[in-house]
Amino acid sequence: MSTLTVDTVQNGRIRKVDSSASVHDLGEYEISRLLDRPKNLNLDRQRSFDERSLTDVPSGLSPHPLSRPDVFCRAFDNADSLYSPGKPSGYNSPTSQYGHGMAFEPHPMIGEAWDSLRRSMVCFRGQPVGTIAALDNSEEKLNYDQVFVRDFVPSALAFLMNGEPDIVKNFILKTLRLQSWEKKVDRFHLGAGVMPASFKVLHDPIRNTETLIADFGESAIGRVAPVDSGFWWIILLRAYTKSTGDTSLAEMPECQKGIRLILSLCLSEGFDTFPTLLCADGCCMIDRRMGVYGYPIEIQALFFMALRSAMFLLKQDGPGKELIEQIVKRLHALSYHMRNYFWLDLKQLNDIYRYKTEEYSHTAVNKFNIMPDSLPEWVFDFMPLNGGYFVGNVGPSNMDFRWFCLGNCVAILSSLATHEQSTAIMDLIESRWGSWSEKCHSKFVIRLSRIMSGASLQDVIPKIRDGVTTMLDHGQNGVSFYHYYRDELSYVCLIIMATVLLWLLTAACIKTGRPQIARRAIELAETRLSRDSWPEYYDGKVGRFIGKQARKNQTWSIAGYLVAKMLLEDPSHLGMISIEEDKQLKPVLKRSASWTF
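Residues numbered from 1 in each chain as written. Predicted model: local features only at pLDDT ≥ 70, side-chain atom pairs only at ≥ 80, totals over all residues. Heavy atoms only, no water.

Looking at an unreviewed UniProt entry, one finds the chain named Alkaline/neutral invertase, with Sesamum radiatum as its source organism. Recorded in UniProt for the chain, the comment headed Function (unreviewed entry) runs: "Invertase that cleaves sucrose into glucose and fructose." Its UniProt record gives the chain a comment under Sequence similarities (unreviewed entry), which states: "Belongs to the glycosyl hydrolase 100 family." (UniProt positions renumbered as here; feature names shortened; annotations may be inferred.)

What follows is the structure, given as structure tokens:
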């Protein structure tokens, strides 16, 4: 394993670096000076790039103008341009405003959650730089005592919404600095743009030193690099800029270079025939062998949102202008591909059911050679008359029909989903709410799949077959903690604790004008989370048991709950994480966004 160590401070002495040095050479003095720099509150700046139509880009790449769809909710016509410069969300006051102007008493869990979140904070050289994955007191901490990029995002949003942006700025700068270090697994060098999955602060009380150690995948399960870390970093930088109005951080040459390095990994030319990103299994939040290799919806949605965020952040100078032109081309291709080939509603389901296979030439209807026999039986009952969703994966002869909450929520927030598709996704959630909440209580079904007919539990091994993914603990009679088995339904439901996704679901509900769904989800979470010490996830058919290997005081559970509550209290915070649909990215869909009689 290779470890990456940054400059250390010894006996309180800090090395000074020339002002022209890069982030790679910055020491504590330079970082502190950046933090003390007066904020450039450019409130009167012109429309941000992501608030402009792509026709404003002087590249001649945009298609013919299309009509703008209706906005999701009149109250959020310009959610992308909402600006709340670090104002607290009111949780320190005895009463607050909840949802549609209704006063309410803060839930007792809120104070407890804030205390836990602050205890999870990690400091480096006297400055907070992130939050650890879990306040776990067990002897086997594994890597839960590290700061994960994806895990810190809900924590960062909570701090931003509460008017505490410094820890977010420190985190952005520290991870940017780690990006510039050499990344090596065995004898292979990773790309310069790869962001770390996590980092840890090591304290040496004898030498009075502090050192950062980063993991770029060399310690991960399966030794997989984190594809999502770079995307979350760009999305978080935009959220910081939107929340504070401070453009100086994003405009730093080092940050501009960091964005370019991340996107250069994704926009480079190769043998790909699709605009989506080909990924290994375990490269994102689902970091086990769960059959998400190929073109998983989570990565594609984050990729789209990162591209949209980068258009807002990049300066239109020489290298920035060239990259923006590449982004515009990719956005057009990616949005068309996802909205056409990943979208599934009742009509499209019926079309797949009637597909012919082994078609040849450009006139082929079944472009990916999907086998109709691969349709799982559960999907016919799962799909409502009004509704639809982005499937989990689409590639040659492979369509993963499972439902992924994270990917679909990010698709709504980034406007990868059109207005009609966003409405259909929420219709699906509402139509399935009764069965999901009944079976999972304070959990959401993220992926739903069916065990192959006639196969016993012990015979099923991790694989994809006929649109089905299963994963069992070998050598044991029990089922892996990532799913459970229902004898009467022959279902395997991959489940993750609701608060992992609670803030994303809440944001998507607000954007689509369905806050009542988020309110119900939060009420469900409040019945268990605090009582069970904020576990990472639950086990069992109906979520009665704390996960077998779940860590307690999981930071993403704590922060996700706080962000969800603050979003409902003050929906203007939505502007940090929501991007308005660009009318030039809306193709004329050949298939219905949702199908009705």
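1. Considering the overall build of the chain
Assigned secondary structure in the chain consists of 16 helices and 20 strands. For the chain, the proportion of its 597 residues judged to be buried stands at 59%. Looking at the chain alone, contacts between residues at least 24 apart form 72% of all its contacts between residues at least 6 apart. As displayed, the chain offers around 24,700 Å² of accessible surface, 50% of which is attributable to carbon and sulfur atoms. (Helix = DSSP H or I, 4+ residues; strand = E, 2+ residues; numbered from the N terminus. Buried < 20%, exposed > 50% of the residue type's maximum accessible area, 1.4 Å probe, protein only. Contact = heavy atoms within 4.5 Å. Areas by Shrake-Rupley, 256 points an atom, 1.4 Å probe, with all protein chains shown as cover.)

2. Side note on helix α2 (residues 108-119)
Counted at 1.5 Å a residue, the expected span for α2 with its 12 residues is 16 Å, and the 18 Å between its end C-alpha atoms agrees. Within α2, the full set of buried residues consists of Met-109, Ile-110, Ala-113, Trp-114, Ser-116 and Leu-117. All buried residues of α2 fall inside an arc of 165° around its axis, so they share one side. Exposed and facing more than 90 degrees away from the buried side of α2 are Pro-108 and Arg-119. Buried residues in α2 make contact with β4 (121-124), β5 (127-131), α3 (149-161), α15 (515-526) and α16 (555-569). (Expected span 1.5 Å × (residues − 1). Arc of directions from axis to C-beta.)

3. Focus: unusual backbone geometry
Residue Ser-397 is not a glycine yet carries a positive backbone phi of 55°. By the element assignment, Ser-397 lies in the loop between β12 (388-395) and β13 (398-403). Residue Trp-534 is not a glycine yet carries a positive backbone phi of 50°. Considering the arrangement of structural elements, one finds Trp-534 in the loop between α15 and β19 (538-539).

4. Digging into the packing of aromatic side chains
Scanning all chains against the criterion turns up 15 aromatic pairs. Centre to centre, the rings of Trp-378 and Phe-382 are 5.4 Å apart; their planes meet at 80°, and the pair counts as edge-to-face. Taken as a pair, Trp-378 and Phe-382 lie in helix α11 (residues 378-382) at a separation of four residues, close to a single helical turn. On the accessibility criterion, Trp-378 (2% relative accessible area) is buried. Look at Trp-534 and Tyr-561: their rings are 5.7 Å apart centre to centre, the planes differ by 55°, and that puts the pair in the tilted class. Taken together, the residues Trp-534 in the loop between α15 and β19 and Tyr-561 in helix α16 connect sequence positions 27 residues apart. Each member of the pair, Trp-534 as well as Tyr-561, is classed as buried. (Phe/Tyr/Trp six-rings, centres within 6.5 Å; stacked < 30°, edge-to-face > 60°.)

5. So, the environment of Pro-372
You can see Pro-372 is positioned in the loop between α10 (346-353) and α11. Remark: the alpha-carbon pair of Pro-372 and Tyr-353, spanning 19 residues in sequence, is separated by 5.1 Å. In this structure Pro-372 touches Ile-352, Tyr-353, Tyr-355 and Thr-357, once residues within four positions along its chain are discounted.

6. Observations concerning the nonpolar core
Ranked by size, the top nonpolar core spans 151 residues in total, and within it Leu-157, Trp-233, Leu-263, Ile-327, Tyr-389 and Phe-401 carry the most contacts. If one sorts the elements of this core by residue count, helix α8 (residues 297-313) sits on top with 13 residues. (Core = buried A, V, L, I, M, F, W, Y, C linked by side-chain atoms within 4.5 Å.)

7. Side note on the pairing of strand β10 (residues 209-215)
For β10, a buried count of six out of seven residues is recorded, marking the element as mostly surrounded by other parts of the structure. Where strand β9 (residues 198-204) folds back onto β10 in an antiparallel hairpin, the turn is made up of four residues, including Asn-208, whose phi is positive at roughly 55°. (Pairing = 2+ DSSP bridges.)

8. Concerning the side chain of Thr-131
As for its placement among the helices and strands, Thr-131 is situated in strand β5. Classification of Thr-131 as buried rests on a relative accessible area of 2%. Here the side chain of Thr-131 touches Ser-155 through a polar contact of 3.1 Å, side chain to side chain. Those residues in contact with Thr-131, other than ones at most four positions away along the chain, are Leu-117, Ser-120, Met-121, Val-122, Gln-146, Val-147, Phe-152, Ser-155, Phe-159 and Thr-555. (Polar contact = N/O pair within 3.5 Å; in protein donor to acceptor, adjacent residues only side chain to side chain.)

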